[in-house]
Amino acid sequence: MAYCGPRGIPLSTFLRWDQGDQDAALAWAGHEAHRCSSCGFHPDEHPDRPHAHIDVCPGCVAVERTTQTDEAKSTRGAHVHLARDGAGCARCARDADAAAH
């Protein structure tokens with residue numbers, strides 16, 4: 001069930017698969033069980049020393065910057081999400097219009 005359940009495959013369906021298909025699915029699941037759930041590292045895929053790169057996502061920077069504001073920290077239940085196209089954002093336009101009046 002550890003293979004079937006998360007994939008929504010009924011156990012009865014899995015048991016009707018050819019034995020080779022079942023074996024391959026379970027071997028793959030066993031292989032993936034050794035992968036780090038945080039970074040995706042797998043010891044079989046990186047025989048030499050792993051190294052890392054830093055990628056900076058402008059969207060994540062904007063979200064992180066906003067979550068660090070006093071307003072976000074003091075607002076209970078606040079959720080910060082990335083909005084599309086700041087210049088054409090309807091909510092930003094409404095907020096600017098409300099602030100102007």
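How each quantity is defined
Residues numbered from 1 in each chain as written. Predicted model: local features only at pLDDT ≥ 70, side-chain atom pairs only at ≥ 80, totals over all residues. Heavy atoms only, no water. Disulfide = S-S within 2.5 Å. Buried < 20%, exposed > 50% of the residue type's maximum accessible area, 1.4 Å probe, protein only. Core = buried A, V, L, I, M, F, W, Y, C linked by side-chain atoms within 4.5 Å. Contact = heavy atoms within 4.5 Å. Salt bridge = Lys/Arg side-chain N within 4 Å of Asp/Glu carboxyl O.

Asker: Is there a simple way to think about the state of the cysteines in this case?
Answerer: One way to say it: the disulfide is the covalent bond shared by the sulfur atoms of two cysteines. Counting across every chain of the model gives zero disulfides. Note on Cys 57: no disulfide assigned, nearest cysteine sulfur contributed by Cys 60 at a separation of 3.8 Å. Take Cys 57: its relative accessible area is 39%, and that puts it in the partly exposed class. Taking relative accessible area as the criterion, Cys 60 reaches 52% and is therefore assigned exposed.

Asker: Can you help me understand the nonpolar core in this one?
Answerer: Note on soluble globular proteins: their nonpolar side chains tend to be buried together. One finds Tyr 3, Cys 4, Ile 9, Phe 14 and Ala 25 forming the largest nonpolar core, which totals five residues. In this structure Ala 25 touches Tyr 3, Phe 14 and Trp 17, once residues within four positions along its chain are discounted.

Asker: What is the right way to look at the pattern of salt bridges in this model?
Answerer: Two side chains that carry opposite charge are able to pair once their charged atoms sit near each other. Tallied over the entire structure, the rule returns two salt bridges. Each of Glu 32, Arg 35 and Glu 45 takes part in one network of salt bridges that share partners.

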